[in-house]
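# Geometric and topological summary
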Amino acid sequence: MTDRIIQLLDLRTARLALPRVDTPEPGVGELRDRLNRPLRDLRISVTDRCNFRCTYCMPKEIFDRDYRFLPHRELLNFEEIARLVQVFMAHGVEKVRLTGGEPLLRKDLERLVEMLARLTTSTGQPLDLALTTNGSLLARKARTLADAGLRRVTVSLDALDDAVFKRMNDVDFEVREVLAGIDAATSAGLGPLKINMVVKRGANDGEIVPMARHFRGSGHIVRFIEFMDVGSSNGWRMNEVLPSAAVIDRIDREVAPLEAIDRNYPGEVAERWRYRDGSGEVGVISSVTQAFCQGCTRARLSTEGMLYLCLFADRGYDLRSLLRGSPGEAPADDAVLQSTIGGIWRERGDRYSELRSEATANRPKVEMSYIGG
Ligand code: SAM
């Protein structure tokens, strides 16, 4: 494989000034940013480490033995994460997705799941708690995660053919182990699952049809994701993006006829299609060819507690310094945290995907494994 690798500029310490909090504000759940977008989802990276080296995400040449992953003391602990989640919920967050890196590498993750599963929204609804995983440890962990209160899992799987999958994950990991994870999650009551496949033209687009065929009729929903210019290390080029329209066209012609269906809720990123014969559904996520910034209601919390407002950001807000205090500053109470997060969100105006070009793709951006995919 001839992937172009770009040297990594470490942006993890680049931060934006926290807004001044003069008057504490109550969380009202009606927070809006400058483009009138509410805050509804929080993605939390629980570890920046991964046991895969997917060429489009954590290329081996950069994330090698010398790469400095965060030391344990830098990570938010579970109590800090749960506290922040409660503050975010007061601002309207209803969904939390645990991600990474590979979230199942975080020790005792089920304890965090248990803590978050107990939280309820202001209207008394349980938090919608989900996890995104590469599936490698799912066969072992699905049952304990379900028992801890996890309700939804998304598994990433880029191919059914072992040779193609191994070229993508670059650690010789076999497809059958991920499939065993999917089965275990289904038996543990976590199904039907979403299966995410990143499509990179020339690398795994030959796997679109086999993936659609394999999961058709299973109840699981395969979602085909356009290869994105996240981070600065994956050597992204526009000509490696296969537009979602071409994916749908291929499945419609080679697997079975499809028809478009409505989104489940406003702001859902996947466009939904169902087989006309009732044998299931597929989705496409077209961040490149059909940007959905207008409907973006997400914030991202990095492994060490930096808040990012966009997947393509180059800087974040250091919430950990508020949680733990810093030299000369006492730790913040919940009211200050709430007002600060409110102030940050109100100033949000990013819409990177709508402005993307080959030129913006070369701008330095934080890595997806750190910010949370
Ligand atoms: N390790 C977990 C996993 O594999 O699902 C969670 C983290 S991973 C960064 C989250 C998702 O981001 C995966 O589905 C992965 O394929 C996707 N992803 C990573 N880099 C991407 C890129 N450049 N374009 C599109 N999707 C990407």
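Residues numbered from 1 in each chain as written. Predicted model: local features only at pLDDT ≥ 70, side-chain atom pairs only at ≥ 80, totals over all residues. Heavy atoms only, no water.

## Considerations on the overall build of the chain
- Of regular secondary structure, the chain possesses 12 helices and 12 strands.
- A compact globule built from 373 residues should have a C-alpha radius of gyration of about 21 Å, and the chain, at 20 Å, falls within 12% of that.
- C-alpha atoms of the chain, sized along the principal axes, occupy 60 × 45 × 40 Å.
- Expressed as a percentage of the 373 residues in the chain, the buried residues total 56%.
- Distance from the positive charge centre (54 side chains) to the negative charge centre (54 side chains) of the chain: 1 Å. (Helix = DSSP H or I, 4+ residues; strand = E, 2+ residues; numbered from the N terminus. Rg over C-alpha atoms; globule rule 2.2 N^0.38 Å. Buried < 20%, exposed > 50% of the residue type's maximum accessible area, 1.4 Å probe, protein only. Lys, Arg positive; Asp, Glu negative; His and termini not counted. Charge placed at Lys NZ, Arg CZ, Asp CG, Glu CD.)

## Some words on the pairing of strand β5 (residues 194–199)
- Burial within β5 is extensive, with five of its six residues counted as buried.
- Direction of pairing for strand β4 (residues 152–156) relative to β5: parallel, over a ladder of three bridges. Within β5, the residue paired with Thr-154 across the bridge is Lys-194.
- Alignment of β5 against strand β6 (residues 221–226), held across six bridges, turns out to be parallel. In the strand pairing of β6, Ile-195 is matched with Val-222.
- Taken together, β5, helix α6 (residues 208–215) and β6 form a β-α-β motif whose crossover is right-handed. (Pairing = 2+ DSSP bridges. Right-handed = clockwise from strand over helix to strand, strands pointing away.)

## Here's the deal with the state of the cysteines
- One pass over the full model with this rule turns up zero disulfides.
- Cysteine Cys-57 remains unbridged, with the sulfur of Cys-54 as its closest cysteine sulfur at 6.3 Å. (Disulfide = S-S within 2.5 Å.)

## Focus: helix α4 (residues 162–169)
- All buried positions along α4 are accounted for by Val-164, Phe-165, Met-168 and Asn-169. Relative to the axis of α4, the buried residues are bounded by an arc of 120 degrees and lie together on one face.
- The inward-facing, buried residues of α4 abut α5 (175–187) and β5.
- The opening residue of α4, the one whose side-chain oxygen lies 3.0 Å from the backbone nitrogen of Ala-163, is Asp-161.
- Asp-170 lies just past α4 and shows a positive phi near 60 degrees. (Arc of directions from axis to C-beta. Contact = heavy atoms within 4.5 Å. Polar contact = N/O pair within 3.5 Å; in protein donor to acceptor, adjacent residues only side chain to side chain.)

## Details of the site of the ligand
- Around the ligand there are 20 residues in total, and Tyr-56, Gly-101, Glu-102, Ser-156 and Met-228 lie nearest to it.
- Side-chain polar atom of Tyr-56 to an oxygen atom of the ligand: 3.0 Å apart, as the coordinates give it.
- For the ligand, the accessible surface in isolation is 550 Å², of which the surrounding protein chains cover 94%.
- Only β3 (128–133), β5 and β6 provide two or more residues apiece to the shell around the ligand. (Near = heavy atom within 4 Å. Areas by Shrake-Rupley, 256 points an atom, 1.4 Å probe, with all protein chains shown as cover.)

## Structural notes on the environment of Leu-112
- By the secondary structure assignment, Leu-112 is in helix α2 (residues 109–117).
- For the pair Leu-112 and Ile-341, spaced 229 residues apart in the sequence, the C-alpha separation amounts to 22 Å.

## Quick look at the nonpolar core
- Counting 121 residues, the largest nonpolar core has Val-85, Phe-88, Val-96, Leu-98, Leu-116, Phe-224 and Ile-251 as the members making the most contacts within it.
- If one sorts the elements of this core by residue count, helix α1 (residues 78–90) sits on top with eight residues.
- Setting aside residues up to four positions removed in sequence, Phe-88 forms contacts with Leu-39, Leu-42, Val-93, Ala-299, Leu-307, Leu-319 and Ile-341. (Core = buried A, V, L, I, M, F, W, Y, C linked by side-chain atoms within 4.5 Å.)

## Examining the packing of α2 against helix α3 (residues 138–148)
- For the pair α2 and α3, interaxial distance at closest approach is 8 Å and the crossing angle is 25 degrees. Compared by their axis directions, α2 and α3 come out roughly parallel. Relative to α3, the crossing made by α2 is right-handed. Of α3, the residues touching α2 (which contributes Leu-109, Glu-110, Val-113, Glu-114 and Ala-117) are Thr-144, Leu-145 and Ala-148.
- Residues that form the contact of α2 with α3 fall into these classes: five nonpolar, one polar and two charged. (Axes fitted to C-alpha atoms, helices over the stretch in contact; angles between N-to-C directions. Parallel < 35°, antiparallel > 145°, perpendicular 65-115°, else oblique. Left-handed = near helix turned anticlockwise from the far one by under 90°. Nonpolar A, V, L, I, M, F, W, Y, C, P; charged D, E, K, R; others polar.)

## Topic: the sheet that holds strand β12 (residues 317–318)
- One open sheet holds the 12 strands; their spatial order is β7-β8-β9-β6-β5-β4-β3-β2-β1-β10-β11-β12, and the pairing between them is mixed. The sheet is open, and its two edges are formed by β7 (258–261) and β12, each paired on a single side.
- Pairing of strand β11 (residues 306–308) with β12 involves two bridges; the strand directions are antiparallel. Among the inter-strand pairings, Met-306 is bridged to a residue of β12, identified as Asp-318.

## A word on α6
- Buried within α6 we find Ile-208, Val-209, Met-211, Ala-212 and Phe-215. End-on view of α6: buried residues confined to an arc of 165 degrees, all on one side of the axis.
- After α6 finishes, the residue Gly-217 shows a positive phi value of roughly 90 degrees.

## Considering the environment of Thr-13
- With respect to the secondary-structure elements, Thr-13 resides in the segment before β1 (41–45).
- Between the alpha carbons of Thr-13 and Thr-120 there is a distance of 33 Å; along the sequence they are 107 residues apart.

## Some remarks on unusual backbone geometry
- In this model, Gly-191 is joined to Pro-192 through a cis peptide bond whose omega is -10 degrees.
- With respect to the element layout, Pro-192 can be found in the loop between α5 and β5.
- Of note, Asp-108 is a non-glycine position whose phi angle comes to about 60 degrees, a positive value.
- When you line up the elements, Asp-108 lands in the loop between β2 (95–99) and α2.

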